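Descriptive structure summary
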Amino acid sequence: MESVLRVGKKRYRVILNGIHFSWTELDKKNRDKKTVSVPVSELIGVEKGRVEILPQKKVEESEQHFTVFSVMRGSCRSSPSGLWSVGRTEFYCSSRDHRDHWVTQLKTALAAKSGMRPQRLLVFINPYGGKKKGVQIYRTLASPLLELAGISAHVVVTERANQARDHILKKELTGFDGVVCVGGDGMFSELLHGVIGRTQQEAGLSEHDPTVTLQPCNLHIGIIPAGSTDCVCFATVGVNDPVTSTLHIIIGDSQPLDVCSVHHQSTLVRYSVSLVGYGFYGDVLAESEKHRWMGPLRYDYSGCVTYLSNRSYSGTVQFLPADPQVSSPRDNTRCLSGCRVCSESTERLFPQSDASSHTSSYSPSQYSQDSSQSEGDWVSIEGRFKCVSLTCMSSSCPRSPLGLSPAAHLADGTGDLILVRETHALGFLKYLHRHTNTEDQFDLPFVEVHRVRAVKFSLPPGEEDSEDEEDEEKQIEGWESKTETDGSTHKSMSQQHLAEKRDERGMGDDKKKKKKSDFLCGLCCSRAPSVSVWNCDGEILPFTEILCRVHGQLVRLFARGIEDGAGSRNCRVGNRKCKGRCVLHT
Ligand SMILES: Nc1ncnc2c1ncn2[C@@H]1O[C@H](COP(=O)(O)OP(=O)(O)OP(=O)(O)O)[C@@H](O)[C@H]1O
Ligand SMILES: CCCCCCCCCCCCC/C=C/[C@@H](O)[C@H](CO)NC(=O)CCCCC
Ligand SMILES: [Ca+2]
């Protein structure tokens, strides 16, 4: 369809074909002609009249106007890369019939995309996450956009921890195309556990057996960030912004994600997508749980306290290396939207399925993961470590924009194992500081990094996890999942308890008496505990000896990874960059 319409006072040639909706200013010399071209896949909605959606819905009736809403990269020249906003354009037609015809055509074009987009979502809001603004963020920023896009949402404001996980595990989910959380990494983790657990239940697979090839999950997960760190959102979208995330959900973006299952003996302990960290990151988390009242600042405070305690821990790390021909954690690449390494991994991980179906929305695919790969040989490293970290993705976050492992891939079926050996305090500070800039944190003599498929950690003889303590800790975990209504305390009580138990176990009887002054005395290493705890995506694990296995592309998010140079400098018309000439960005 093609017409001359007015936008403001200027005349435009407006064209809608199956792929693009574009408008070019007329009455301009050729070289100055400005074209705005929006892929139909990035249209959000069309309304009759002159309509505004954000910050509040306002409708001005007009028989000859219609308003088009679309994805716009950036909101101004200085927008961070990856930030999306809502582009809004009012068109003026020659008559009411003409206007109605345009609206019908645009709605038909949008309807043709409906198979690629979610129609019905199950949304869980944690009213206590981050700065406690989850409900407000959803009502003012996300809900109006979902409504505009014709997506219906069943909203549950949670009343206790693990309510979202249990709902997904047990309740009827027929008709939902995705589950969405409004909250932080902890809320995401609830959805992750619910979706993976439900999928395995339905497939009749045991999650406990680390050798089982788990069934990839069709139900997509969306994250509207409203937490403290929001690392998963940042690393898969590039920014922590509720509007950007809602737009990715609306247009049905689909980003596969590797997941690590953590086992103790023959039991599944938890799943992780971001960090399974022992030593420094475990200690920071344990310490931070004692200071939850500080809010997100507790991590900075606890980071300093833990750094000053200057601890290191003994243990044996074993790992199964990934194929070094495919990629390496030190190859200076970045996993960006449409990443080649991840696409090729799709073919390797699911050789029988149609690889192209993995790039679109939640179209259910017949997955069957390749388990023919022989396990290979385990490599063993023994020593004293400041930290042992396993991450399935970069784990970038506002604190560390390139993340724990900048070249890690979101969906390549591997994780990066980072070993930081015992070193002097200044050396470790250098390592930590490099997370905040572009210097290579692996280019230090006491740091090594390996791309792996599985990791085992064991304690030195005499320090192993004792069965009695495990039973007790399991009870604590069970208690944690019981109904709780006070969002500010649910985690602190259980995690603090576990942290204290760890301290007790590590310090022995006489040192227990001086537990209260422990972190100050941590400066003097003789009193430091010999065993740390594992931080698993922000939760303390109740076991120290664990086996981790990476499951390639086990879940899918409504995201597309980080866009190359997205933001105010470039837009994409089809697959070609507009080099900043598009009027969206001039
Ligand atoms: N209504 C509720 N009451 C108490 N806890 C809840 C409730 N809803 C969710 N939770 C729990 O709160 C925890 C933290 O939530 P969330 O991740 O949204 O926020 P956060 O501030 O980012 O937390 P974190 O400290 O993990 O970064 C989650 O682990 C989740 O299980
Ligand atoms: C001299 C300057 C030093 C600055 C050091 C900065 C180092 C930053 C590294 C960033 C690592 C992010 C790891 C992600 C962890 C999340 O899965 C998890 C859940 O939200 N967060 C925590 O455990 C919260 C605990 C995070 C510990 C930092
Ligand atoms: Ca990975």
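No experiment lies behind these values; they were computed from the predicted model shown.

**Looking at the overall build of the protein chain**
When helices and strands are tallied, the protein chain shows 14 helices and 25 strands. The buried share of the protein chain, reckoned over its 586 residues, is 56%. A fraction of 74% describes how many contacts in the protein chain between residues 6 or more apart in sequence connect residues 24 or more apart. Accessible surface, the protein chain as shown: approximately 25200 Å² in total, 50% of it carbon and sulfur.

**Considering the nonpolar core**
One finds Phe188 and Leu257 to be the most contacted residues of the largest nonpolar core, which totals 45 residues. Residue-level mapping places this core at the junction of two domains, with at least three residues from each of domain 2 (116-252) and domain 3 (259-352 + 373-461 + 491-551).

**Quick look at unusual backbone geometry**
In the segment running from leucine 54 into proline 55, the intervening peptide bond is cis, with an omega of 5°. Within the secondary structure layout, proline 55 lies in the loop between strand S6 (50-52) and strand S7 (58-60). Its identity is not glycine, yet asparagine 332 carries a phi of approximately 60°, on the positive side. Tracing the chain through its elements places asparagine 332 in the loop between strand S17 (313-321) and helix H9 (340-349). Residue class for asparagine 332 comes out exposed when judged on its relative accessible area of 75%. Backbone geometry places aspartate 537, a non-glycine residue, at a positive phi of 50°. Relative to the elements of secondary structure, aspartate 537 occurs in the loop between strand S21 (534-536) and strand S22 (539-540). Residue aspartate 537 is classed as buried on the basis of its relative accessible area of 13%.

**What about the site of ligand 1?**
Every one of the 23 residues lining ligand 1 counts as a neighbour, but Gly130, Thr158, Glu190, Ser228 and Arg298 are closest to it. Contact distances for ligand 1 include 2.6 Å between an oxygen atom and a backbone N or O atom of serine 228. Those elements giving two or more residues to the shell around ligand 1 turn out to be helix H4 (185-203), helix H8 (298-309) and helix H12 (490-507). No other element matches H4, which puts four residues into the shell around ligand 1. Residue classes in the shell around ligand 1 are distributed as four nonpolar, 11 polar and eight charged. Each of domain 2 (116-252) and domain 3 (259-352 + 373-461 + 491-551) contributes no fewer than three residues to the shell around ligand 1.

**A few points about the site of ligand 2**
Near ligand 2, the surroundings consist of 16 residues, among which Asp185, Ser274, Tyr299, Asn535 and Asp537 are the closest. Aspartate 185 is positioned with one of its side-chain polar atoms (N or O) 2.5 Å from an oxygen atom of ligand 2. One of the side-chain nitrogen or oxygen atoms of serine 274 is found 2.8 Å away from an oxygen atom of ligand 2. Burial of ligand 2 by the surrounding chains reaches 84%, relative to a free accessible area of 700 Å².

**Re the coordination of the calcium ion (ligand 3)**
Around a metal, the ideal angle is 109.5 degrees if four donors adopt a tetrahedral arrangement and 90 or 180 degrees if six donors adopt an octahedral arrangement. Note on the calcium ion (ligand 3): its protein donors are Asp258 (OD), Cys392 (O), His409 (O), Asp412 (OD) and Thr414 (O). The metal-donor distances range over 2.3 to 2.5 Å. Each donor residue of the calcium ion (ligand 3) lies on one chain, and together they are spaced D-x133-C-x16-H-x2-D-x1-T. Linking aspartate 258 in strand S14 (residues 255-264) with threonine 414 in the loop between strand S18 (379-391) and strand S19 (415-421), this pair joins segments that are 156 residues apart in sequence. Like aspartate 258, the residue threonine 414 is buried in the burial classification.

**Some words on the packing of aromatic side chains**
Applying the stated criterion to the full structure yields 13 aromatic pairs. Seen in terms of ring centroids, tyrosine 278 and tryptophan 534 are 5.0 Å apart; in terms of plane orientation they differ by 40°. Their pairing is tilted. Separated by 256 residues along the polypeptide, tyrosine 278 in strand S16 (residues 276-279) and tryptophan 534 in strand S21 bring together distant segments of the chain. Through pairs of rings, three or more aromatic residues link up here, namely Phe21, Trp23, Phe66, Phe91 and Trp102. Positioned above the aromatic ring of tryptophan 378, the side-chain terminus of lysine 456 is 4.3 Å from the ring centre.

**Notes on the domain arrangement of the protein chain**
As a measure of interface size, the accessible area lost when the parts come together is often cited. Each assigned domain of the protein chain is listed with its residue range as follows: domain 1 (2-112), domain 2 (116-252) and domain 3 (259-352 + 373-461 + 491-551). Here the C-alpha centroids of domain 1 and domain 2 sit 30 Å apart. Of the residues lining the interface, 19 residues belong to domain 1; the matching set on domain 2 comes to 17 residues. Summing both partners gives a buried area of about 1400 Å² for domain 1 against domain 2, and 71% of it is carried by carbon and sulfur. When the buried area of domain 1 at its contact with domain 2 is split by residue, Ile44, Leu54 and Trp84 rank highest and sum to 42% of it. Between the two partners, domain 1 and domain 2, sit zero salt bridges. In this structure, the connection of domain 1 to domain 2 is made through three residue pairs in polar contact (both at pLDDT 80 or more). Contributions of two or more residues to the side of domain 1 that touches domain 2 are made by strand S5 (43-48), strand S8 (65-73) and strand S9 (84-92).

**Observations concerning helix H1 (residues 96-112)**
A rise of 1.5 Å per residue sets the reference length of H1, with its 17 residues, at 24 Å; its end C-alpha atoms lie 24 Å apart and thus fit the reference within 8%. Those residues of H1 lying buried are His98, Arg99, Asp100, Trp102, Val103, Leu106, Ala109 and Leu110. In this fold, the buried residues of H1 make contact with strand S1 (2-7), strand S2 (10-16), strand S3 (20-25), S5 and S8.

**Topic: the side chain of arginine 73**
Residue placement: arginine 73 occurs in strand S8. Note on arginine 73: relative accessible area 8%, which makes it buried. Reaching out from arginine 73, the side chain makes a polar contact with the side chain of glutamate 42 at a distance of 2.8 Å. Within the structure, the side chain of arginine 73 is placed 3.0 Å from the side chain of glutamate 563, a separation counted as a polar contact.

**As for the pattern of salt bridges**
In this structure the tally under the stated criterion is 27 salt bridges. Here arginine 50 and glutamate 60 are joined by a salt bridge, their closest N and O atoms 3.6 Å apart. Of this pair, arginine 50 sits in strand S6 while glutamate 60 sits in strand S7, and the two are 10 residues apart along the sequence.

Thresholds, definitions, all that
Residues numbered from 1 in each chain as written. Chains lettered and ligands numbered in written order. Predicted model: local features only at pLDDT ≥ 70, side-chain atom pairs only at ≥ 80, totals over all residues. Heavy atoms only, no water. Helix = DSSP H or I, 4+ residues; strand = E, 2+ residues; numbered from the N terminus. Buried < 20%, exposed > 50% of the residue type's maximum accessible area, 1.4 Å probe, protein only. Contact = heavy atoms within 4.5 Å. Areas by Shrake-Rupley, 256 points an atom, 1.4 Å probe, with all protein chains shown as cover. Core = buried A, V, L, I, M, F, W, Y, C linked by side-chain atoms within 4.5 Å. Domains from an automatic or database assignment. Near = heavy atom within 4 Å. Polar contact = N/O pair within 3.5 Å; in protein donor to acceptor, adjacent residues only side chain to side chain. Nonpolar A, V, L, I, M, F, W, Y, C, P; charged D, E, K, R; others polar. Donors = N, O, S within 2.8 Å, 3.2 Å for Na, K, Ca; no water. Phe/Tyr/Trp six-rings, centres within 6.5 Å; stacked < 30°, edge-to-face > 60°. Lys NZ or Arg CZ within 6 Å of the ring centre and 35° of its normal. Buried area = accessible area lost by both parts, 1.4 Å probe. Salt bridge = Lys/Arg side-chain N within 4 Å of Asp/Glu carboxyl O. Expected span 1.5 Å × (residues − 1).

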